[in-house]
Amino acid sequence: MKNTKILLFIHGLHENALAWTKWIWFFEQLGYTCYSPNYPYHDGVPAQLRKNPDSRLSTIRLKNIVDHYIKFIDGLNGAKPILIGHSMGGLVVQKLIEANKGLLGICITTASPKGIFSFKLSYIKSNLGAVNPFKGNSLFCGTKEWFHYAICNTLTREESDEIYDKAVVPESRNIPRSSRGEDGRIDFNKAHNPLLFISAENDHIIPLSLNQRNLNAYKCAVSRRDFKEFKARSHSICIQSGWEEVAKYVNNWIKLVLNQ
C-alpha cells in the first residue's frame, strides 16, 4: 500500500514538534517519510518562545488544532498517514481516526476525551494550573517544579530541568479546557481504523487508569484496539531514557497490523 510508510507525528501541550526529533530520525532510518507540523503559533525555539510567545496563541482551542492537522493531511495528495500522538496529540489522533484521516493511530499517554476523567490527586494537581478558570485567556507556562512533578516525575530534578530548558513552550489554556467539552467528544460506537494506546506506569498527569478507561470506552467490536503499558516510565516516555524501546514497539505494532 502506498500510504503505509508515511508517519505524521503530533506533539502534546507545553512543547512543539522539536520533541519528536529523535523519533523522526529513528523512523526515517527505517524508510518512513515523516512529518511533524507544529500546532498553530508554536513555531520556533522553545527558549525564545518562553520569552516572546505569539499573542494569538491564547485563544486557540482543540478544534483549531484538529482542523489544522486535517488541512495538513488533506494536502498529502490522497495519502492517509499513520498517526502518532503524545498527550494532547494522542487525543488529536483519536479525533483524526474518528474522521477517517489516518490509516492507523498510536496514542501515547493520551489526554482523555470528553467524559473520561480521573479523581487521582496526581491528575488533579498536574492539570489544575493549566485549566484554572480564573486565569482567563492568559498563557500557561508551568514552573520547573510543576514540570518535574507532572511530566518527568521518574527522572531526577536535574534531568527534568534540562528537558524543560530545551523543550517547554507557553501554552493556550483553552486547548485543555475545550478538550473537556464538545471539542473533545469521541463517538465511541463508530467503527474506526486500528488504534494502539500506550501508557506509562508512573504517569502523573495522564494516569494509567485514565488511559485504560479511554481505551475501554470504545464499543465497536469489529474495530481493533490494543494496549501496552511501559513500566517505570513517566509522561516524558517519548524523550526520557529508553524512548527507543517505545519507538521499536510502535514500529513492530505497525508492521504486525499492516501485515494481517
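Remember, it's a predicted structure, so these values are computed and weren't measured experimentally.

A.B. asks: Just give me the short version of the nonpolar core, but keep the residues and values in it.
C.D. replies: Ranked by size, the top nonpolar core spans 45 residues in total, and within it Ile10, Tyr39, Tyr69, Met88, Val92, Leu96 and Phe147 carry the most contacts. Of all the elements in the fold, those that place two or more residues in this core are strand S1 (6-10), helix H3 (62-74), helix H4 (88-98), helix H5 (121-131), helix H6 (144-150), helix H7 (157-167), strand S7 (195-200) and helix H9 (208-216). With six residues, H4 is the largest single contributor of residues to this core. Dropping the residues within four chain positions of it, tyrosine 69 is found in contact with Leu8, Ile10, His11, Pro37, Asn38, Tyr39, Val92 and Leu96. One finds Trp23, Phe27, Ile237 and Trp253 within the second-largest nonpolar core, a separate group that totals 28 residues.

A.B. asks: Help me get a handle on the sheet that holds S7, residues and values and all.
C.D. replies: If you trace the six strands from one edge of the open sheet to the other, you get S2-S1-S3-S4-S7-S8, paired in parallel fashion. Edge positions in the sheet fall to strand S2 (33-35) and strand S8 (225-230), since each of these pairs with one other strand and no more. Taking the axes of each pair of neighbouring strands and ignoring which way they run, one obtains an average angle of 15° across the sheet. Bridge analysis of strand S4 (residues 105-108) against S7 gives four bridges, and the strand direction is parallel.

A.B. asks: Summarise the pattern of salt bridges; cite the residues concerned and give the values.
C.D. replies: All chains considered together, the criterion is met by 13 salt bridges. When the shortest N-O distance is used, the salt bridge between glutamate 229 and lysine 231 registers 3.3 Å. Lysine 231 sits in the exposed class, given a relative accessible area of 53%. A salt bridge links glutamate 245 to arginine 233, with the nearest nitrogen and oxygen atoms 2.5 Å apart. One end of the pair, glutamate 245, is in helix H10 (residues 243-258); the other, arginine 233, is in the loop between S8 and H10, and 12 residues separate them in sequence. A residue is classified by how much of its surface remains accessible, and glutamate 245, at 45% relative accessible area, is partly exposed.

A.B. asks: Explain the packing of H3 against H4 to me, using residue names and the numbers behind them.
C.D. replies: Packing of H3 against H4 leaves a shortest axis separation of 10 Å and a crossing angle of 60°. As far as their axial angle goes, H4 and H3 are oblique. In this structure, H3 meets H4 at a crossing whose hand is right-handed. Contacts between H3 and H4 involve Leu62, Ile65, Val66, Tyr69, Ile70 and Ile73 from the former and Met88, Leu91, Val92, Lys95 and Leu96 from the latter.

A.B. asks: Describe H5, naming the residues involved and giving the relevant values.
C.D. replies: Within the sequence span of H5, burial applies to Ser122, Tyr123, Ser126 and Ala130. Angularly, the buried residues of H5 cover 100° about the axis, an arc narrow enough to put them on a single face. For H5, the exposed residues set more than 90 degrees away from the buried face come down to Leu121, Lys125 and Leu128. Where H5 is buried, its residues touch strand S5 (139-140), H6, helix H8 (174-179) and H9.

A.B. asks: I'd like to hear about the packing of helix H1 (residues 21-29) against H10, residue by residue, with values.
C.D. replies: Put simply, H1 and H10 touch, their axes get as near as 11 Å, and they point 45° apart. The orientation of H1 with respect to H10, classified from their angle, is oblique. Helix-helix and strand crossings are classified by hand; for H1 and H10 the assignment is right-handed. Listed contacts from H10 to Lys22, Trp23, Phe26 and Phe27 of H1 are Trp243, Val246, Ala247, Lys248, Val250 and Asn251. Of the residues in the contact of H1 with H10, the class split is seven nonpolar, one polar and two charged.

Scoring rules and cut-offs
- The written sequence of each chain sets the order in which its residues are numbered from 1.
- For a predicted model such as this one, the threshold for reporting local features is a pLDDT of at least 70, and the threshold for listing and counting side-chain atom pairs is 80 or more; totals across whole chains, interfaces and linings nevertheless cover every residue.
- Side-chain figures throughout are based on the complete set of non-hydrogen atoms in the structure, without hydrogens or water.
- The definition of a nonpolar core used throughout is a set of buried Ala, Val, Leu, Ile, Met, Phe, Trp, Tyr and Cys residues joined through side-chain atoms within 4.5 Å.
- Relative accessibility thresholds used throughout: buried, under 20% of the residue-type maximum; exposed, over 50%; partly exposed, between the two (1.4 Å probe, protein chains only).
- Put simply, DSSP H or I for four residues or longer makes a helix, DSSP E for two residues or longer makes a strand, and each gets a number counted from the N terminus.
- The contact definition used throughout considers only heavy atoms, calling two residues in contact when any of these lie within 4.5 Å.
- When DSSP locates at least two bridges between a pair of strands, those strands are taken to pair.
- Fitted lines through C-alpha atoms give the axes, limited to the stretch in contact for helices. The angle between two N-to-C directions lies from 0 to 180 degrees.
- A pairing counts as a salt bridge when a side-chain nitrogen of Lys or Arg comes within 4 Å of a carboxyl oxygen of Asp or Glu.
- Roughly parallel means an angle under 35 degrees; roughly antiparallel means over 145; roughly perpendicular covers 65 to 115; every other angle is labelled oblique.
- Should the near helix be turned anticlockwise from the far one by less than a right angle, the crossing is left-handed, and should it be turned clockwise, the crossing is right-handed.
- As used here, the arc is the angular range of directions from the helix axis to the C-beta atoms.
- Polarity classes work like this: nonpolar for Ala, Val, Leu, Ile, Met, Phe, Trp, Tyr, Cys and Pro, charged for Asp, Glu, Lys and Arg, and polar for all others, with Gly in that last group.

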